[in-house]
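Notes for the structure review
What follows is each chain in one-letter form.
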Amino acid sequence: MSIEEIQNEIIDEFSMFEDWEERYQYMIDLGKDLPLIDDQYKTDSNIIKGCQSKVWVHAEMNNDKVEFTADSDAIITKGIIAILIRVFSNQHPKDIIDADTDFIDKIGLKEHLSPTRANGLVSMVKQLKMYAIAYQTQLN
């Protein structure tokens, strides 16, 4: 699936819920299915700066596609990074770099997060795109 198709799927999923309490619960459930980072990568160098909670992200390149794994010490944050990894993992670096993230606004995520969590969300997107830029540079 393309990034845009995955984003549209997420928008559809979030539109099924009546209120934000249900959406938060869904995010928590998504966090439980997160492809967990191996403990050896839970290092300071893999922590996303700018997040209130600890969020570790690791990226590897396989067959010209970036695969992400992650973890967080907070359940909501774990759900947020799970959504982002679902969108960006197993995609070509250039597609990740070029992808817009309007789907975040379309599901209303940013407006329902505290300012520090919203900043953390921006930092997560930025970090995933930085990994993609690094891998794209290797491909060039």
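Right above here is the structure, for reference.
Quick look at the structure, then. (Residues numbered from 1 in each chain as written. Predicted model: local features only at pLDDT ≥ 70, side-chain atom pairs only at ≥ 80, totals over all residues. Heavy atoms only, no water.)

The number of helices and strands found in the protein chain is six helices and two strands. Along the chain direction, N to C, the helices and strands of the protein chain fall in the order α-α-β-β-α-α-α-α. In terms of C-alpha radius of gyration, the protein chain reaches 14 Å, essentially the compact-globule figure of 14 Å for 140 residues. Taken along its principal axes, the extent of the C-alpha atoms in the protein chain is 45 × 30 × 25 Å. (Helix = DSSP H or I, 4+ residues; strand = E, 2+ residues; numbered from the N terminus. Rg over C-alpha atoms; globule rule 2.2 N^0.38 Å.)

Our focus in this paragraph is the pairing of strand β1 (residues 55-62). Judged from the eight bridges that link them, β1 and strand β2 (residues 65-72) form a sheet pairing that is antiparallel. If you follow Ala59 over to β2, its bridge partner there is Phe68. Linking two consecutive strands that pair antiparallel, namely β1 and β2, is a turn of two residues; a positive phi of about 55° is found at Asn63 within it. (Pairing = 2+ DSSP bridges.)

With that settled, the discussion passes to the packing of helix α1 (residues 3-15) against helix α2 (residues 20-32). Where α1 meets α2, the closest approach of the two axes is 10 Å, and the angle between their N-to-C directions is 130°. One finds that α1 runs oblique with respect to α2. Touching Glu13, Phe14 and Ser15 of α1 are Trp20, Arg23, Tyr26 and Met27, all from α2. Each residue belonging to the contact of α1 with α2 can be placed in one class, and the counts come to four nonpolar, one polar and two charged. (Axes fitted to C-alpha atoms, helices over the stretch in contact; angles between N-to-C directions. Parallel < 35°, antiparallel > 145°, perpendicular 65-115°, else oblique. Contact = heavy atoms within 4.5 Å. Nonpolar A, V, L, I, M, F, W, Y, C, P; charged D, E, K, R; others polar.)

A word on the packing of aromatic side chains. Counted under the stated rule, the structure contains five aromatic pairs. Centroid distance Phe14 to Trp20: 6.4 Å. Interplanar angle 40°. Geometry classified as tilted. On the basis of an interplanar angle of 40° and a centroid distance of 5.0 Å, the ring pair of Phe17 and Tyr26 is categorised as tilted. Aromatic ring contacts, followed pair by pair, group Phe14, Phe17, Trp20, Tyr24 and Tyr26 into a single cluster. Its guanidinium or amino end placed over the ring of Trp56, Lys42 lies 4.9 Å from that ring's centre, counting from NZ or CZ. (Phe/Tyr/Trp six-rings, centres within 6.5 Å; stacked < 30°, edge-to-face > 60°. Lys NZ or Arg CZ within 6 Å of the ring centre and 35° of its normal.)

A few words now on helix α3 (residues 75-88). Between the first and last C-alpha of α3 there are 20 Å, a value that for 14 residues agrees with the 20 Å anticipated at 1.5 Å per step. The buried fraction of α3 amounts to 11 of the 14 residues, a majority that puts the element mostly inside the structure. If you check which residues of α3 are buried, you get Ile76, Thr77, Gly79, Ile80, Ile81, Ala82, Ile83, Leu84, Ile85, Val87 and Phe88. Of the residues one or two after α3, Asn90 is the one with positive phi, at around 65°. (Expected span 1.5 Å × (residues − 1). Buried < 20%, exposed > 50% of the residue type's maximum accessible area, 1.4 Å probe, protein only.)

Glancing now at a nonpolar patch on the surface. Taken together, the side chains of Ile97, Met130 and Ile133 present a nonpolar region at the surface, about 240 Å² in accessible area. In this structure, Ile97 sits in helix α4 (residues 93-98). (Patch = residues over 30% accessible without salt bridge, like charges linked within 9 Å, V, L, I, M, F, W, Y side chains within 5 Å. Areas by Shrake-Rupley, 256 points an atom, 1.4 Å probe, with all protein chains shown as cover. Salt bridge = Lys/Arg side-chain N within 4 Å of Asp/Glu carboxyl O.)

By the definition in use, this model includes six salt bridges. Linking Glu9 and Arg86 is a salt bridge whose minimum nitrogen-to-oxygen distance equals 2.7 Å. Residue Glu9 is located in helix α1, and its partner Arg86 is located in helix α3; the two are separated by 77 residues in the primary sequence. Given the relative accessible area of 31%, Glu9 is considered partly exposed.

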